[in-house]
Amino acid sequence: MSTVKLLWQYKWVALITLVFEWLILAPVLLMMLRFGNKEVVVNLAQTPIGSSNFFGIFIDAFSTSPGLVYAVIAFAITVPTLILFKFALAVGTMASMHEGKWSFSQWLSLSGKHFLRAIGLLLRWLIVPAILCGLAVLVFKLFDIESAVSKIITLAVCWFLSISWLFMSLNGVARNESWSLKNGAITLFKNLHQFLLIVLVFLALFVLAKLMNWQLFVNNSDINTTLLCGVFGAFAIALFMRIVVLYWQAAHVVVWRKHWKIN
Amino acid sequence: MKNLQCIVLVFGFILSVSTMASALRIAGPHSERVHQTTIKASLDVESHRVTAEMNLKWKNTTNDTLHEIPFHLYLNAFSSTDTVFMRESGGGQLRGDKREGDDKENFGYVIVTKLSNAQGKDLLANWQMDNSVATLSLSEPLESGQTIEFNMSFTSQLPKVFARSGHNGDTFNFVAQWFPKPSVYINGKWVNHRYHAHSEFFADFGSYDVTLTVPTDYVVGATGFLADKQQEGDLTRHHYVAEDVHDFVWTADKNFAEANQQWQGINIRLLYQEPLDEKSIQNQFDAAIASFEWFEKYVGAYPYSTMTLVQPPEDASGAGGMEYPTLVTTITDLDYSSFQHSAALVTIHEIGHNYWQGILASNEFEESWMDEGINSYTEGRILAEAMKRKNVAQFAHLSIELPMVHHASTARTPTFDPVNTNSWSFINSRAYGTNSYSKPATILNTVERVWGVEKVDLLLTAYYQQWAFKHPNTKNFLDVAKTIDVEMAQFLDDAINTTKTIDFTVVSLQSEKKHQGGGYRLLLEQQSEVTPEYTKPSKSDLYSNTVTLAYQGELTPPSIEVLLTFEDGSEETHIWQLDANKQWKTLRFESEVKLVEAIVDPRFTLLLDKDLSNNIKKERSESNQAWRWVVSLLQSMHHLINAFLPL
Ligand SMILES: [Zn+2]
């Protein structure tokens, strides 16, 4: 089964997940709106975003308006909830992909069913990025690597390798198999070229989304852009990001099934 | 005629040679040279202890007859947990560093072991030590113009460095505030403060002739000019001469590597810790040269022939970022970074002190702003103008200029004390910090933006010309300002000597289609049988705009700009002439295009403004700002999570 085909089959997952995400983030949004009375994003000709003047106004607004501080606290509380919820949905999605057909209730019940075992995997998996990134730091020390760029790239590669390992292993959890972390590693390292391909596609799409994201930020803050346009743009980019993430998840299912010769 | 020419030539040659090989690149004396201090010191690198003999000739340059001479014994601030310095610093926590423990090696002292007059008469009985200060009672009064001579022996035990002076438990020794130093008699009284947590500099100018004996494998750096170096077995004697300076500091470390660069008769010497790459080394020289270039152009000459930059090792970071005449310490991390320029900035800052503390030599204890504050202003200009680094930090889309950093810290600190407050009298350490560094920098940045940079340049030049080597105070500075611009001087006076503040705001903004009046037209001599004429009320094509501006506080410039932006992007600038009796103003005017935004002070001239974020108002229908940026910001954070954990 091709990844793209699988992706298309699960297109609604992307949309529904996004709606859930926005619902979870809603309290933060409301908090921030209290703060919104402060005209932080101002005439961009005077204070381009990121400029020193922008920074000055932002700091002043931050310290004279408690709304933003509350919003940041609300965000800090919301993020773990968001991540756990998305983690449940991710394992549900992969389990559903292994079953080969999708329905809304089946997807949610699979998410609930596998959630605790997925958390167990997550806890065991935590040692993977710790070791990989630790090794990378050791290499920096041993070979006296000073360049920030090579450090960032190496750490990013280690992190994405770990993440990919996690997603390979989630296949095991989704299929109710044991030794998922070990089998995940076997699948990943026997199909490393696949991993590189997935990461490359993911990175390309991600950079594109990031550029659009930034452009949106600029446009959205511009007084001449209508608000509806901004909200719609945000939604479109968020949906695009979700599809990228879904592609990443689907790819891991496809690679797994090919490796273990499951049809 | 020919002979005369010859004599002039020879004389000129001798003169140029002598100025080349001396502590001064511009022949002195520049100061009164109150004292002539000769020290022969040797360092025991195992115990980090200096034993020394000192000959002091002190001249009464005052108009009064003196009966005593107070001295600094500032190393005694480190002698126990009960000193003023230790108490003020919370038992030894300062500048991000702290005392490493309660072991003996963390403490230090300086004690005078022998004291006699020129004739060899023992004077130790007249020596009264009170921790970090001491007083020598004179057996005979010292008349104005007379010189008195003493011989002393003293021992200085260095503490483990956590604040400025000391050793690192290994090979690094930073020997500052180490010898008994006479204090300053000024305005009819002795000024002899104890060593405080936040202030330590106020001393008289003089000449130093210091011979330092250390193991041969140690590299030495010191105030002034190395006149001579002689090896005797395992030990080497370094003979340093310094003139027209108010302090003498030195350092010795086996691990120093050395680099030198010349700039117009100044030998810039960098003592650094290996490894350090070429680019980072050059970055230090560039910072030093940029400083000298800028100061010589806008302030005045650097009269000395040397400048030594010392990079302390990482385990002696407490010695970093300090200023002494012709010798300063850098931060411990000198690696060049394209993102932020702290390595260059700290060096610029410490070299700047050679002017504001070294040459002007104001009283840092009582008026720290004159040293740290003016310096915090000039360092920003040197970084931007002479080093062409407009931003002190630059991360992706975020750029940070120094004036805005100083604004943020000034605006965030409550104004409980005036800038001009004794360094130990502020409500807390944060108030000391802001009022000594960021606020005076912000005051000068504001003055620069409101009255123009040329006037600030004139002020700094005139200040140097009138007060170099003369210990000026705040009043002297303001008197110089008055000769440049009376209004500017008044603003400076208010900003420095009072707790006056300022906060501009746009209270409201409305822009609506103008009403074209309508209804029945009733005439005065209305006749009952005629129906009054009726016109339908309507709205014209014109917009009627109302903008209300206001300010709180008293620190007002003469006028301030208000920028009005219209829906089609066109702009109009209004000048608001400020009136102390009316703190608000409503602008009413008509326009063909809708007014959408008003901003007070769009060029950010008044950096002293307590809150810049209320300087802007958008028309109500346009001010769905919250949605605009909240959606964007939240979305960006959301995407960040998605990218790092693609769930
Ligand atoms: Zn300083």
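None of these values were measured; they are calculated from a predicted model.

Draft legend 1. How the structure looks around the overall build of chain A. Along chain A, the regular secondary structure elements total ten helices and zero strands. Each helix (α) and strand (β) of chain A, taken in turn from the N terminus, gives the series α-α-α-α-α-α-α-α-α-α. In chain A, which comprises 263 residues, the proportion classed as buried is 49%.

Draft legend 2. Molecular detail of the sheet that holds strand 34 (residues 595-600) of chain B. Residue and element names in this part refer to chain B. Taken in spatial order, the four strands of this open sheet run 32-31-34-35, and their pairing is antiparallel. At either margin of the open sheet sits one strand with a lone partner, and together these are strand 32 (571-577) and strand 35 (616-618). Ignoring strand direction, the axes of neighbouring strands in this sheet form an average angle of 20°. Where strand 34 and strand 35 come together, three bridges link them in antiparallel fashion. The partner of Ala598 across the bridge, within strand 35, is Lys617.

Draft legend 3. Region of interest: the UniProt feature "binding site: Zn(2+)" (unreviewed entry) in chain B. Residue and element names in this part refer to chain B. Per the UniProt record, the feature "binding site: Zn(2+)" (unreviewed entry) sits at His349, His353 and Glu372. In terms of the greatest pairwise C-alpha distance, the residues named above, spread along 24 residues, form a tight cluster of at most 8.7 Å across. One can find His353 in helix 4 (residues 342-359). The class for His353 is buried, based on a relative accessible area of 1%. Those residues within four positions of His353 in sequence are excluded, and the remaining contacts are Glu323, Gly358, Asp371, Glu372 and Asn375. Inspection of the secondary structure assignment puts Glu372 in helix 5 (residues 369-386). Among the residues examined, Glu372 registers a relative accessible area of 4% and is labelled buried. Contact partners of Glu372, with chain neighbours within four places excluded, come to Glu323, His349, His353, Glu364, Ser436 and Tyr437.

Draft legend 4. A look at the coordination of the zinc ion. All names here are of chain B. Protein coordination at the zinc ion comes from His349 (NE2), His353 (NE2), Glu372 (OE) and Glu372 (OE), with a distance range of 2.0 to 2.8 Å. What the four donor atoms of the zinc ion show is an angle range of 52 to 152° at the metal, which sorts the shape as irregular. Overall, the relative accessible area of 9% leaves His349 in the buried class.

Draft legend 5. Representation of empty space enclosed by the protein within the structure. Summed over the entire model, instances satisfying the criterion amount to five cavities of 30 Å³ or more. The space that makes up the largest cavity amounts to roughly 70 Å³. Taken together, Val13(A), Ala14(A), Thr17(A), Lys86(A), Leu89(A), Ala90(A), Thr93(A), Arg242(A), Leu246(A), Gln249(A) and Leu647(B) make up the full set of residues lining the largest cavity. Elements represented by at least two residues in the lining of the largest cavity include exactly helix 2 (11-35), helix 4 (66-99) and helix 10 (227-259) of chain A. Among the elements that make up the lining of the largest cavity, the one with the highest residue count is helix 4 of chain A (four residues). Split by residue class, the lining of the largest cavity holds six nonpolar, three polar and two charged.

Draft legend 6. Examining the UniProt feature "transmembrane region" (unreviewed entry) in chain A more closely. All names here are of chain A. Those places that UniProt annotates as "transmembrane region" (unreviewed entry) correspond, in this numbering, to residues 12-33, 68-94, 115-140, 152-174, 195-217 and 223-248. Between the end C-alpha atoms of residues 68-94 the distance is 37 Å, and the span holds 100% helix and 0% strand. The annotated region residues 152-174 carries 100% helix and 0% strand content, and the separation between its end C-alpha atoms amounts to 32 Å.

The rules we used
Residues numbered from 1 in each chain as written. Chains lettered and ligands numbered in written order. Predicted model: local features only at pLDDT ≥ 70, side-chain atom pairs only at ≥ 80, totals over all residues. Heavy atoms only, no water. Helix = DSSP H or I, 4+ residues; strand = E, 2+ residues; numbered from the N terminus. Buried < 20%, exposed > 50% of the residue type's maximum accessible area, 1.4 Å probe, protein only. Pairing = 2+ DSSP bridges. Axes fitted to C-alpha atoms, helices over the stretch in contact; angles between N-to-C directions. UniProt positions renumbered as here; feature names shortened; annotations may be inferred. Contact = heavy atoms within 4.5 Å. Donors = N, O, S within 2.8 Å, 3.2 Å for Na, K, Ca; no water. Tetrahedral: all angles 85-135°; square planar, octahedral: opposite > 155°, others 65-115°. 1 Å grid on protein atoms, 1.4 Å probe; cavity = no way out; pocket = protein on both sides within 12 Å on 5 of 7 lines; lining within 4 Å. Points joined across faces, edges and corners; volume = space filled by probe spheres on them. Nonpolar A, V, L, I, M, F, W, Y, C, P; charged D, E, K, R; others polar.

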